[in-house]
Structure formats: C-alpha cells, structure tokens
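One letter stands for each residue in the lines below.
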Amino acid sequence: MIESEELRKDISGLAKDTGLELVEVSVSGQHGSIQVRLVVYKKEGTGINECSRLHKLIRPRLEILFGTDDFYMEVASPGVDRTFRSKSEYLVFAGRGVGLTLEDGSLVEGIIMASNDESVVIATKEGEQSVSHDRIRKGKLDFSQEGK
C-alpha cells in the first residue's frame with residue numbers, strides 16, 4: 001500500500017495548483033479497503049467548494065496509484081480549533097491565532113509569525129516570543145487570538 005508521505009509528495013502539486021495547502025495526508029486500510037483522508041487549507045478560507053474541487057481533481061490520480069477505484073476518500077478543512085500534528089503546520093498557519101501548551105504547563109497565546117524546524121515565533125501581548133518545538137506539548141489553532 002502507498003504510504004502517507006509518498007502520497008503527499010505525489011499530490012501536493014495538484015493541491016497547490018488549486019491554491020490549497022496539504023496540511024495532513026493519511027492512508028489506512030483494513031480487510032482490503034483503502035481509506036484516504038486529506039486535510040487542506042487556504043488562507044482566504046477553506047469551504048466545501050474547495051474540498052470538492054480537490055476531491056474531483058485527485059480521485060483519478062489515486063485510482064491510478066492504487067490500481068482500483070474502490071476506495072474511500074475524505075477531503076476536509078482543518079477546522080477553527082485544529083490541534084497541530086506536525087511542525088510543518090506552524091508554517092502553514094502563519095498569521096493565524098494559536099495557543100501553545102508547553103511542557104511545564106504554561107500557555108503561550110498569540111499569532112504565529114514564523115516557524116522553522118527548531119522553533120516557532122509567536123506575537124504575544126508582551127511581544128514576540130520564540131518557542132522551541134521541543135518545549136511544545138500541544139499546539140492548537142485559536143481564532144480568538146486574531147484581531148487583538
């Protein structure tokens with residue numbers, strides 16, 4: 001079966017062509033059935049029309065990759081309170097509000113300004129704060145931080 005990262009590499013260009021960023025790709029299968037779940041994001045908003053357009057565009061490619069048209073595919077937006085699953089999501093959601101729970105239990109809230117493999121920079125009420133990814137226990141989108 002095709003792995004999630006292999007699939008991500010194969011279809012990320014198609015997503016970008018529609019103005020969408022692939023946030024998450026997962027492939028699973030049980031008893032011969034294949035399930036594909038894609039989470040996509042567009043800064044201007046990700047609605048049902050964007051998800052549907054990508055679904056129609058990617059389905060023929062998946063039929064070729066899987067060698068069958070017998071699979072289930074879901075394309076969804078990340079939601080307003082998405083919990084981050086990878087470091088790369090901080091860059092995808094730059095400019096959005098976030099709440100970070102750190103290893104020591106403290107909370108950092110603000111707007112994501114920048115991110116790289118080592119850390120994420122958050123604009124807080126007190127100023128910009130760089131937080132190492134190693135210190136983050138949980139990161140979650142928080143739209144209530146936007147517009148403050």
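Coordinates for the structure precede this section.
Residues numbered from 1 in each chain as written. Predicted model: local features only at pLDDT ≥ 70, side-chain atom pairs only at ≥ 80, totals over all residues. Heavy atoms only, no water.

## Focus on the sheet that holds strand β3 (residues 71–76)
Line of reasoning, step 1. In space, the 3 strands of this open sheet follow the order β1-β2-β3, with mixed pairing throughout. In this open sheet, the two edge strands, each paired with only one partner strand, are β1 (21–30) and β3. On average, adjacent strands in this sheet sit at an angle of 15 degrees to one another, irrespective of strand direction.
Line of reasoning, step 2. Here β1 runs beside strand β2 (residues 33–41); their pairing, made up of 9 bridges, is antiparallel. For Glu-24, the partnering residue across the bridge sits in β2 and is Val-39.
Line of reasoning, step 3. The strands that helix α1 (residues 4–17) touches are β1 and β2; relative to β1, the one it contacts most, it runs at about 140 degrees. (Pairing = 2+ DSSP bridges. Helix = DSSP H or I, 4+ residues; strand = E, 2+ residues; numbered from the N terminus. Axes fitted to C-alpha atoms, helices over the stretch in contact; angles between N-to-C directions. Contact = heavy atoms within 4.5 Å.)

## Things to note about the side chain of Ser-115
Line of reasoning, step 1. One can find Ser-115 in strand β5 (residues 107–115).
Line of reasoning, step 2. The class for Ser-115 is buried, based on a relative accessible area of 16%.
Line of reasoning, step 3. For Ser-115, the residues in contact, after removing those within four places along its chain, are Lys-87, Tyr-90, Leu-91, Val-120 and His-133. (Buried < 20%, exposed > 50% of the residue type's maximum accessible area, 1.4 Å probe, protein only.)

## Brief notes about the nonpolar core
Line of reasoning, step 1. In terms of nonpolar packing, the biggest core is built from 20 residues, with Leu-7, Val-36, Leu-38, Leu-62, Phe-66 and Met-73 touching the most fellow members.
Line of reasoning, step 2. Those elements giving two or more residues to this core turn out to be α1, β1, β2, α2 (48–66) and β3.
Line of reasoning, step 3. Among the elements that line this core, the one with the most residues is α2, at 5 residues.
Line of reasoning, step 4. Among residues more than four places away in sequence, those in contact with Leu-62 are Leu-7, Val-36, Gly-67, Thr-68, Phe-71 and Met-73.
Line of reasoning, step 5. Counting 18 residues, the second-largest nonpolar core is a separate cluster that includes Val-92, Ile-122, Ile-136 and Leu-141. (Core = buried A, V, L, I, M, F, W, Y, C linked by side-chain atoms within 4.5 Å.)

## Here's the deal with the packing of α1 against α2
Axis angle and axis distance: for two packed helices, these are the angle between their axes and the distance between the axes, and together they describe the pair.
Line of reasoning, step 1. Contact geometry of α1 with α2 gives a least axis separation of 10 Å together with a crossing angle of 145 degrees. Crossing hand, α1 versus α2: right-handed. Judged by residue contacts, Leu-7, Asp-10, Ile-11, Leu-14 and Ala-15 of α1 engage Leu-54, Leu-57, Ile-58, Arg-61, Leu-62 and Leu-65 from α2.
Line of reasoning, step 2. Along the lines of polarity and charge, the residues of the contact of α1 with α2 split into 9 nonpolar, no polar and 2 charged. (Left-handed = near helix turned anticlockwise from the far one by under 90°. Nonpolar A, V, L, I, M, F, W, Y, C, P; charged D, E, K, R; others polar.)

## Structural notes on the pattern of salt bridges
Line of reasoning, step 1. What the rule picks out here adds up to 9 salt bridges.
Line of reasoning, step 2. Put simply, Glu-24 and Arg-85 hold a salt bridge, and the shortest N to O gap is 3.6 Å. One end of the pair, Glu-24, is in strand β1; the other, Arg-85, is in the loop between β3 and α3 (88–92), and 61 residues separate them in sequence.
Line of reasoning, step 3. Residue Glu-24 is classed as buried on the basis of its relative accessible area, which comes to 16%.
Line of reasoning, step 4. Ionic pairing is found between Glu-63 and Arg-59, a salt bridge with its closest N-O pair at 3.5 Å. Taken together, the positions of Glu-63 and Arg-59, both in helix α2 and 4 residues apart, correspond to about one turn of that helix.
Line of reasoning, step 5. A single salt-bridge network, built from bridges that share partners, covers Glu-24, Arg-82, Arg-85 and Glu-89. (Salt bridge = Lys/Arg side-chain N within 4 Å of Asp/Glu carboxyl O.)

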